[in-house]
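Read off the chains here:
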Amino acid sequence: MSQAFRLFWTGWVFNVKNLTMSGFFILNATISPIFFATIAHYMFASGARPGSGLVYASLGAGMMGIWSSVLFGSGGLIQWQRWQGTLEYVIGVPPRLIVVVLPMTVATASIGLYSIASTLLWGRIIFGLPLDFVHPAWFVVALVGSIVSLGLLGLVLSSTFVLLRNANSLSNLLEYPVWLVTGLLISLSLLPGWTRPISWVLAPTWGIRGIRYAALGGDPVFPIVMCAALGLIYLAIGHYTLGYFEVRARKSATLALR
Amino acid sequence: MAVVEAHDLRRVYKTHTGTIRRRVKEIEAVRGVSFAIDKGELFGLLGPNGAGKTTTIKMLITLLIPTAGTANVLGFDVVKDPREVRKRIGYVFGGERGVYERLSGYDNLRYFAELYGVPPKVQKARIEELLELVGLKGREHERTEGYSRGMKQRLHVARGLLHDPEVVFLDEPTIGLDPVGARELRATIGTLTSAGKTILLTTHYMFEADALCDRIAVISQGEIVAEGTPAQLKSRVASGAVTEVEVFGIPDETVERLRSLEGVMSVWVEEREQAQVLSVQTRADVQLTAAILGHLNGSNVGRVSHREPTLEDAYVALVEGE
Ligand SMILES: Nc1ncnc2c1ncn2[C@@H]1O[C@H](COP(=O)(O)OP(=O)(O)OP(=O)(O)O)[C@@H](O)[C@H]1O
Ligand SMILES: [Mg+2]
């Protein structure tokens, strides 16, 4: 067990470091959420709940950053390793592929912390955002829970996208709709009823709910439990699809192709 | 018991051609390869480009599933027990691809040490030792994107040895290394065998194979065409001697005429800086120098020399004979 933990930890540190060294990735994770937070600020400033509405929107914008980072980072992860030539080395190690890939996808979600930090900091400095959260400890739990469950969702993306031909365009298509359907931008109650089930199976829906409840008041426990439950389901799916990918790639000789 | 065993390994690749009417084309890269490598042996796999060497290695290191046939490493089947095989083998592909470019050499090694289950207590010492061995000491904290091609390659060698594997697969490990670096790596490979490791090596440098390998298999178009010690290969195929003649512009017809001479086994021409070198390999029982020079009558002839066959001669004869 402790060995599995070490492996996860080393892999996570390594991959966070690797992503942090990518100026583009970091810039993307910090700058674009700031734009969304700013736009949201002006939308909410004229609305009903100025102070808390702003925190509400900033947290949503930060979560948008986490989702984008997972979508592009994890979705393209295996293809990127293939281009770099590292896929043939990481697949040939004794542990299962999932043990190698999971720290990578959780790392892409963790990079989203830059987004949360940048939107909150920006809001604080520019708009004097109040940062005295209602349940600070739950806020941390909800944030970590969101990152882990999004990392697990990334596991599903990394293993399914690699099996699809046009995964790149799919990534682009999925960015904005998920922002909408998980309630990061606007309240879910504004969306038509048929979108509800889609919202429920996506971890960002529950993650942002937990984070907002912890920050602004409300019971964050149920959303956090939902994050955990979905995370386990993603893990099961990812385990299956990654195993399938590994065997298929070894059969079809696609590990080394660019 | 042999450490590495291949039984009638086969591998077919399917590729797609055409964009609108996509057709599947099948390439038989390896067609029934069998061999066995004993413990502590350094086994060479030689063959022309596209012969199927890398494909064979990838099947043995569990990266490719064979289309047919079986193989095992240290008694573990490469298809049924890939994880057991992976724990005990190291592999290095020549070339610079496959390192995490944004991170340092040390970080790269540290990561793979963990993936290969090197105990945390010994990781540091092991990495230091390997950095020393491959000559990267002092540069390990730089990002690998700034490494030269040879440095990346040496990093791969270190990576492949992290977990002190019993069996090591080296696919053209010296390609692109400078002469001193290549010589150092050959010395390193030598020390590995004296430490009891079993090694499978591919290379296009015949002198390297000759110097290092205990046994060699020559593979051509997916099949093994000869196998034996370097000495056996030399005597078996090139039982004759080689006459080398420096020429300045030799017509193709002359080469053809030399080929048809009684007692000539093979003829090839290499371009040198100002001249070409014509090599004629002949059976041991004939003396053809005069006849060769006779055929060259009219061409401008430089230095003429005579030598015993090298592994390269044997290789050329084997591969050409296909
Ligand atoms: N992934 C792949 N998909 C399709 N064909 C492939 C693939 N990999 C190799 N081949 C083909 O299989 C044949 C054998 O290739 P292989 O790489 O094993 O040769 P090799 O002996 O290692 O050659 P070299 O000396 O050039 O490295 C070649 O015809 C090659 O084009
Ligand atoms: Mg090759």
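None of these values were measured; they are calculated from a predicted model.

For the rest of this paragraph, the subject is the overall build of chain A. A count of helices and strands for chain A gives 12 helices and zero strands. For chain A, the succession of helices and strands along the chain, N to C, is α-α-α-α-α-α-α-α-α-α-α-α. In summary, chain A has a C-alpha radius of gyration of 18 Å against a globular reference of 18 Å for 258 residues, a match within 12%. By residue count, 54% of the 258 residues in chain A fall in the buried class. The long-range share in chain A, meaning contacts at least 24 apart out of those at least 6 apart in sequence, stands at 79%. Looking at chain A as shown, the accessible area adds up to about 11,300 Å², and 73% of this sits on carbon and sulfur atoms. Computed over 14 positive and 5 negative side-chain charges, the separation of the two mean positions in chain A equals 6 Å.

What follows concerns the sheet that holds strand β12 (residues 264-271) of chain B. Residues and elements named next belong to chain B. Taken in spatial order, the four strands of this open sheet run β12-β13-β11-β14, and their pairing is antiparallel. With one partner strand each, in any of the chains shown, β12 and β14 (300-307) form the two edges of the open sheet. The average undirected angle you get between the axes of adjacent strands in this sheet is 20°. Pairing geometry for strand β11 (residues 241-248) and β14, over six bridges, is antiparallel. Bridge pairing in β14 links Glu244 to Ser305.

Let us look at helix α7 (residues 113-127) of chain A. Residues and elements named next belong to chain A. Over its 15 residues, α7 runs 20 Å from end to end, which matches the ideal 21 Å to within 8%, given 1.5 Å per residue. All of the buried residues in α7 are Ser115, Ile116, Ser118, Thr119, Leu120 and Gly123. Gly128 occupies a position one or two residues after α7 and carries a positive phi of about 60°.

Here the focus is the site of ligand 1. What surrounds ligand 1 is a group of 16 residues, the closest being Gly50(B), Lys53(B), Thr54(B), Thr55(B) and His204(B). Two or more chains meet at ligand 1, and those chains are chains A and B. A distance of 3.3 Å separates a nitrogen atom of ligand 1 from a polar atom in the backbone of Ala253(A). Between Glu172(B) and ligand 1, the recorded distance is 3.3 Å, taken from a side-chain N or O atom to an oxygen atom.

Moving on to a nonpolar patch on the surface. A contiguous nonpolar surface patch, about 410 Å² in accessible area, is contributed by Leu121(A), Trp122(A), Ile125(A) and Ile126(A). Tracing the sequence through the fold places Ile125(A) in helix α7.

In this section: the nonpolar core. Counting residues in each nonpolar core, the largest one holds 142 residues, and the members touching the most others are Phe112(B) and Phe169(B). Top element by residues in this core is helix α8 (residues 136-161) of chain A. It accounts for 11 residues. If you count residues domain by domain, this core takes at least three from each of domain 1 (4-234) and domain 2 (236-320) of chain B.

Next up on the list: the pairing of strand β13 (residues 276-282) of chain B. Residue and element names in this part refer to chain B. Most of β13 is tucked away: seven of the seven residues are buried. By the alternation rule, side chains of β13 split into Gln276, Leu278, Val280 and Thr282 and Val277, Ser279 and Gln281, which are all buried. In terms of strand pairing, β11 meets β13 through seven bridges, oriented antiparallel. For Val242, the partnering residue across the bridge sits in β13 and is Gln281. As paired strands, β12 and β13 are joined by seven bridges and run antiparallel to one another. Looking at β13, one finds that Val267 is bridged to Val280. Where β12 hands over to β13, the hairpin turn is made up of four residues, counted between the paired strands.

This part takes up the packing of aromatic side chains. As enumerated under the stated definition, the model contains 14 aromatic pairs over all chains in all. Here Arg212(A) stacks its cationic end above the ring of Tyr56(A), 3.6 Å away from the centre of that ring. A cation over an aromatic ring shows up here: Lys58(B) above the ring of Phe93(B), its NZ or CZ 5.4 Å from the ring centre.

Residue and element names in this part refer to chain A. Here the second largest pocket defines a volume of roughly 280 Å³. If you trace the second largest pocket, you find 14 residues lining it, with Trp12, Val106, Ser110, Leu113 and Ile147 closest to the centre. Those elements giving two or more residues to the lining of the second largest pocket turn out to be α1 (2-20), α6 (97-111), α7 and α8. The biggest single contributor to the lining of the second largest pocket is α1, with five residues. Among the residues forming the lining of the second largest pocket, the class breakdown is 13 nonpolar, one polar and no charged.

A few words on the domain arrangement of chain B. Residue and element names in this part refer to chain B. Domain parsing of chain B yields domain 1 (4-234) and domain 2 (236-320). Between domain 1 and domain 2, the C-alpha centre-to-centre distance is 35 Å. Together domain 1 and domain 2 conceal approximately 1,100 Å² of surface at their shared face, both sides included; 69% is due to carbon and sulfur atoms. Summed over the three residues of domain 1 that lose the most area to domain 2, namely Met206, Leu233 and Lys234, the buried surface amounts to 52% of that side. Our count for the contact surface shared by domain 1 and domain 2 stands at zero salt bridges. The interface formed by domain 1 and domain 2 includes one residue pair in polar contact (both at pLDDT 80 or more). Within the residue set of the side of domain 1 that touches domain 2, elements represented by two or more residues are α7 (206-212), β9 (215-220), β10 (223-228) and α8 (230-237). Ranked by residue count, the leading element in the side of domain 1 that touches domain 2 is α8, at four residues. Here the residues of the side of domain 1 that touches domain 2 sort into 10 nonpolar, two polar and three charged.

With that settled, consider the pairing of β10(B). Residue and element names in this part refer to chain B. Across five bridges, the pairing between β9 and β10 is antiparallel. Bridging across to β10, Ile219 finds its partner in Ile224. The antiparallel hairpin formed by β9 and β10 contains two residues in its connecting segment, where Gln221 sits at a positive phi of about 50°.

Another aspect to go through is helix α9 (residues 252-259) of chain B. The α-helix winds at 3.6 residues per turn, so residues separated by three or four positions along the chain end up facing the same way. All names here are of chain B. Residues Thr254, Val255 and Leu258 constitute the buried set of α9. Across the axial projection of α9, the buried residues extend over an arc of 100°, all falling on one side. Of the exposed residues in α9, those oriented more than 90 degrees away from the buried face are Asp252 and Glu253. Tucked into the core, α9 has its buried residues touching β12, β13 and α10 (289-295).

This part is about the pattern of salt bridges. Scanning all chains against the criterion turns up 25 salt bridges over all chains. Here Lys14(B) and Glu26(B) are joined by a salt bridge, their closest N and O atoms 3.6 Å apart. One end of the pair, Lys14(B), is in strand β1 (residues 4-17); the other, Glu26(B), is in strand β2 (residues 23-37), and 12 residues separate them in sequence. Each member of the pair Lys14(B) and Glu26(B) is classed as exposed. The shortest N-O distance in the salt bridge between Arg126(B) and Glu129(B) comes to 3.0 Å. With Arg126(B) and Glu129(B) both in helix α4 (residues 120-134), this residue pair falls three residues apart, about one helical turn. With relative accessibility at 16%, the residue Arg126(B) sits in the buried group. On the basis of relative accessible area, Glu129(B) is assigned to the partly exposed category, the value being 47%. One salt-bridge network, held together by shared partners, links Glu246(A), Arg250(A), Arg83(B) and Arg86(B).

The rules behind each value
Every residue gets a number counted from 1 within its own chain, in the order that chain's sequence is written. To read the labels, note that chains go from A and ligands from 1, taken in the order they are written. Reporting of local features is limited, given that this is a predicted model, to residues whose pLDDT is at least 70; pairs of side-chain atoms are given and counted only at 80 or more, and all residues count toward the totals for whole chains, interfaces and linings. Side-chain calculation: all heavy atoms of the structure are included, whereas hydrogens and water are not. Strands are runs of DSSP state E lasting at least two residues, helices are runs of H or I lasting at least four, and both sets are numbered from the N terminus onward. Computation of the radius of gyration draws on C-alpha atoms alone. For the globule rule, the value is 2.2 Å times the number of residues to the power 0.38. Exposure is judged per residue with a 1.4 Å probe applied to protein chains only, and the accessible area is read against the type maximum: over 50% gives exposed, under 20% gives buried, and values in between give partly exposed. What makes two residues a contact is simply this: any of their non-hydrogen atoms within 4.5 Å. Here the accessible surface of atoms and residues is derived via Shrake-Rupley with a 1.4 Å probe, and residues count as covered only by protein chains that are part of the display. The charge count treats Lys and Arg as positive and Asp and Glu as negative. His and the chain ends do not count. Think of each charge as sitting on NZ of Lys, CZ of Arg, CG of Asp or CD of Glu. The pairing criterion for strands is at least two bridges between them, as found by DSSP. Only the contacting stretch of a helix is used when fitting its axis, a line to C-alpha atoms as for every element, and angles between N-to-C directions run 0 to 180 degrees. Expected span of a helix, by definition, is 1.5 Å for each gap between consecutive residues, and there is one gap fewer than residues. Think of it this way: one heavy atom of a residue within 4 Å of a molecule or strand is enough to make that residue near it. Side-chain atoms alone can form a polar contact between residues adjacent in sequence; in general such a contact is a pair of N or O atoms within 3.5 Å, and within protein one must be able to donate a hydrogen while the other accepts it. Residues form patches when they are more than 30% accessible in relative terms and have no salt bridge. Like charges link within 9 Å. Nonpolar side chains (Val, Leu, Ile, Met, Phe, Trp, Tyr) link within 5 Å. A pair is scored as a salt bridge if a Lys or Arg side-chain nitrogen falls within 4 Å of a carboxyl oxygen belonging to Asp or Glu. The nonpolar core is taken to be a set of buried Ala, Val, Leu, Ile, Met, Phe, Trp, Tyr and Cys residues, with the residues joined through side-chain atoms within 4.5 Å. Each domain's limits were defined by an automated method or a database of domain assignments. Two aromatic rings, drawn from Phe, Tyr or Trp (for Trp, its six-membered ring), form a pair once their centres lie within 6.5 Å of each other, and the interplanar angle then sorts them: stacked below 30 degrees, edge-to-face above 60, tilted otherwise. Comment: the charge-over-ring label is applied if NZ (Lys) or CZ (Arg) is within 6 Å of the ring centre and within 35 degrees of the ring normal. A cavity, in this analysis, means grid points on a 1 Å lattice covering only the protein atoms where a 1.4 Å probe fits yet has no way out; a pocket is instead an open set bounded by protein on both sides within 12 Å along at least five of seven lines, and a residue lines either one if it has an atom within 4 Å of a point. Grid points are joined across faces, edges and corners, and a volume is the space filled by probe spheres set on the points. Amino acids outside the nonpolar list (Ala, Val, Leu, Ile, Met, Phe, Trp, Tyr, Cys, Pro) and the charged list (Asp, Glu, Lys, Arg) are all regarded as polar, and Gly is one of them. Put simply, buried area is how much 1.4 Å-probe accessible surface two parts lose in total, over both of them, once they are put together. Summarising the geometry, the arc corresponds to the directions from the helix axis toward the C-beta atoms.

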